[in-house]
Every structure is written in C-alpha cells, then in structure tokens.
Amino acid sequence: MKRMLQEKGLHGFRIIGKPIWGVGCCKRNGYVEEAVKFQRGGIKLAEDLVCYNTLMHHFVTEKKMACGEQILGRMLVRGLSVDAITFGTLIDGYLKEGEVEKSMVVYDGMVKMKKMPNLVIYNSTVNGLSKKGMSGAAEGMVNAMERKDAVTYNTPLNESLKTGDLSSPGTGTGTRNGDGNGDGKRQTDTSPFQEKRSRDVSGFRLNPSPAFPRRPRPLGEPGTRDGTQVAYPCNLAGDVEEAARVLSEMQKQQEEGEELVSLVTYNIMFNHLCKFGCYEKAKEVLKSMVERGVVPDSITYGTLITSFSKNNRGGEEVVELHDYMVLNGVRPHEQIYKSLVSPLLKDP
DNA sequence: GTAGGGTTAG
C-alpha cells in the first residue's frame with residue numbers, strides 16, 4: 001500500500017500511525033485531488049490538523065466555500081483541534097469572494113471558541129475590505145491593530161493609489177503631475193466613485209458585527225513607542241507624490257526596527273509611479289530600495305521595463321535599467337526581456 | 001529535523 005502511494009507521487013504518505021507527511025506533501029506535488037479521492041475511497045489517511053488545514057486551503061482556493069465549511073464541521077465533529085489557521089483560511093476565502101458578512105460570521109465563531117485572531121487574519125481582512133472599496137472600514141481595522149507589518153499596508157496602499165485614475169493619455173510623457181492636476185481631477189472623474197465608496201463604508205459602520213474589528217491582542221505592552229504612527233495610506237486618491245512621501249516615512253520607521261516596507265510595497269509604488277508618468281521618481285525609489293538591500297524581482301523588472309519602453313524613454317534608458325537591475329540580482333522576466341530588451345541590444 | 005494561512009503586474 002505504501003508503495004502504491006509512492007508510485008502516485010504521494011511520498012511520505014502515511015496510512016495511520018506515526019508522524020506523517022500528509023496531504024501537505026501531496027499538495028506540493030500537485031496531488032491534492034488524489035488525496036481527496038483516497039479519502040473518499042475509504043483508504044484511511046492520517047487525519048490531523050495540518051492535513052485538514054491543507055484541504056481547507058485547497059477547497060478555498062478552488063472557491064468551494066461549501067466544502068470548506070464541511071471540512072470545518074468535520075474537524076469539530078471528530079474532536080480535532082482547530083486553530084487560527086483553520087479559521088483564517090476560511091475567512092480569507094470568503095473575503096476573496098467579496099463575502100464580508102460571511103467572513104464576519106466565521107470570525108465570530110472563532111472568537112466564541114476562544115481562539116485569538118492573529119496578524120494574518122487581520123491582514124486578510126484589511127485586504128478584503130480594501131478590495132471591496134471599504135477603505136474607511138479598512139482604515140478602522142488598521143488603527144485598531146496593535147501589531148502591523150508590511151502586508152498590512154500593501155493592499156490599502158495599492159487600492160488607494162488606484163482610485164485617483166487621472167487617465168490623460170497623450171500628455172503622459174514629460175509632464176510632472178504637480179498640484180495643478182489635483183484640482184482638475186476632483187471636479188471630473190472621481191467624484192461619483194467617491195460618493196459610492198463612502199456610502200459603502202457608512203453601510204458597514206451602521207451594522208458592524210459586535211466583536212469586529214477587535215484588537216489582535218490585549219497585550220498592553222508597556223514599551224510600545226507611540227507617536228510614531230505611520231499615516232495610514234487610505235486617501236491618497238492617486239496622488240503618487242504624496243504616496244512617495246508616505247513611503248519614505250515608512251522607510252524611516254523601518255530603520256527603527258518596524259517591518260513596514262517590503263519588496264511588494266516597492267512594486268506597488270513602481271506600478272503607480274510609472275502609470276502617472278513619474279519615471280525619475282521611480283528610478284530614485286529603485287535606487288533607494290536597492291541601497292536598502294531589497295533585491296528586485298521579476299515583477300519589478302516587468303513593471304519598470306514595460307512602462308519605460310511604452311513611453312519611449314529611449315532604448316538607452318531601458319537597457320540601462322535592465323543592467324542596473326541585473327547587476328543587483330534580478331532574474332529578468334524572460335518574455336519581457338526577449339520582446340523589449342534584447343531587440344535593443346542588436347548591434348550590427 | 002518535519003507540514004498548513006495573508007500582500008504587488010499582466
């Protein structure tokens with residue numbers, strides 16, 4: 001039997017008894033389906049917390065929320081322990097489906113079982129709320145959170161920059177988006193959207209679930225340095241200059257030991273800086289990122305090379321950018337390299 | 001020694 005499992009690629013699978021390499025291992029090998037079939041087919045596989053959590057994650061990413069609920073039910077019925085990861089996975093699944101209410105129901109259930117929500121669950125919720133346009137609610141959560149990390153801010157920052165879509169094609173190239181633009185956009189594009197957004201938020205505020213949001217931990221840590229709160233990036237409305245300012249504040253706090261800026265944060269900034277034509281600023285930020293020891297990845301590469309090429313910044317600058325990133329450890333996005341960079345290198 | 005959850009583009 002064990003050999004059969006191994007032949008199927010289910011290495012380390014155990015038929016009950018000892019420490020296991022359960023479904024988690026199958027998943028790595030792309031065999032979750034097999035594991036599920038085995039389970040249905042009466043072959044007894046090890047059933048423990050990690051195994052069920054892995055199944056839960058699988059169902060949730062397939063958007064099979066009913067199955068996720070079933071997994072939770074089965075765990076409870078069998079008296080298995082259930083932890084924050086079990087609940088967190090389910091909560092995140094609902095939020096990704098835009099089902100804020102249902103995520104709150106699960107959250108309440110968790111609290112009733114005396115399980116403390118952790119940072120990941122809060123981040124997940126902030127992410128879900130932001131993507132639903134409920135920036136006010138998201139901001140409320142962030143303010144109520146005691147601990148935060150880079151993930152906490154990434155989605156709100158991204159969403160906040162997206163909203164002020166000043167699409168002015170054609171004028172894109174050298175124009176800096178100074179103060180003048182701010183007035184123009186307020187009168188035209190964004191106002192209907194903002195109205196809708198604040199309605200959503202107030203709707204949320206009128207019917208909040210009793211225990212939600214709540215502080216992550218009642219830990220009254222005496223030594224917390226306060227007054228160093230980062231301005232929460234909730235209403236940047238496409239103002240990249242302001243965003244860049246917020247970023248440098250966050251970088252400052254990073255130096256004081258708080259992990260608030262990550263590679264993803266930089267990638268978000270690059271994306272928006274380029275969209276708004278702030279190429280020089282983008283290069284500055286790239287430099288400061290590298291100097292802080294953050295290595296660009298293929299998303300960084302793709303974002304920067306694509307927009308620099310699109311806007312005809314000149315081949316030289318694109319190549320220069322490519323070289324700089326490669327020298328600093330990026331593995332170029334292959335397709336983008338082939339289509340945009342290597343043609344520039346042809347020398348007859 | 002061991003496993004499982006959250007963030008960015010196209």
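Residues numbered from 1 in each chain as written. Chains lettered and ligands numbered in written order. Predicted model: local features only at pLDDT ≥ 70, side-chain atom pairs only at ≥ 80, totals over all residues. Heavy atoms only, no water.

Chain A has the name Pentatricopeptide repeat-containing protein At1g11710, mitochondrial-like in an unreviewed UniProt entry, where Raphanus sativus is given as its organism. UniProt annotates chain A under Sequence similarities (unreviewed entry) with the comment "Belongs to the PPR family. P subfamily." (UniProt positions renumbered as here; feature names shortened; annotations may be inferred.)

**Q** It is not clear to me how the packing of helix α5 (residues 65–77) against helix α6 (residues 84–96) should be interpreted in this structure. Could you clarify?
**A** To describe two helices that pack against each other, one gives the angle between their axes and the distance between the axes. It is at 10 Å that the axes of α5 and α6 come closest, and there the two elements cross at 160°. What the angle tells us is that α5 and α6 run roughly antiparallel. Helix-helix and strand crossings are classified by hand; for α5 and α6 the assignment is left-handed. For the pair α5 and α6, the contacting residues are M65, G68, E69, L72 and M75 in the first and T86, F87, L90, G93 and Y94 in the second. (Axes fitted to C-alpha atoms, helices over the stretch in contact; angles between N-to-C directions. Helix = DSSP H or I, 4+ residues; strand = E, 2+ residues; numbered from the N terminus. Parallel < 35°, antiparallel > 145°, perpendicular 65-115°, else oblique. Left-handed = near helix turned anticlockwise from the far one by under 90°. Contact = heavy atoms within 4.5 Å.)

**Q** Looking at this model, I keep getting lost on the environment of T125. Mind explaining?
**A** Within the fold, T125 resides in helix α8 (residues 119–131). What makes T125 buried here is its relative accessible area of 2%. T125 sits twelve residues away from A137 along the chain, and the two C-alpha atoms are 9.9 Å apart. (Buried < 20%, exposed > 50% of the residue type's maximum accessible area, 1.4 Å probe, protein only.)

**Q** I keep staring at the side chain of S130 and nothing clicks. Help me out?
**A** For S130, the position within the fold is in helix α8. A relative accessible area of 6% places S130 in the buried class. If sequence neighbours within four positions are ignored, S130 has contacts with A138, T155, P156 and E159.

**Q** Could you clarify how one ought to interpret the protein's contact with DNA strand B in this entry?
**A** Close contacts around DNA strand B come from 30 residues, with N53, D83, N123, K131 and N154 the closest. Backbone sugar and phosphate groups make up 43% of those atoms of DNA strand B lying within 4 Å of the protein. The side chain of H57 places a nitrogen or oxygen atom 3.2 Å from a phosphate oxygen of DNA strand B. Only α4 (49–61), α6, α8, α10 (150–163) and α14 (263–275) provide two or more residues apiece to the surface near DNA strand B. A class-by-class count of the residues in the surface near DNA strand B yields eleven nonpolar, twelve polar and seven charged. (Near = heavy atom within 4 Å. Polar contact = N/O pair within 3.5 Å; in protein donor to acceptor, adjacent residues only side chain to side chain. Nonpolar A, V, L, I, M, F, W, Y, C, P; charged D, E, K, R; others polar.)

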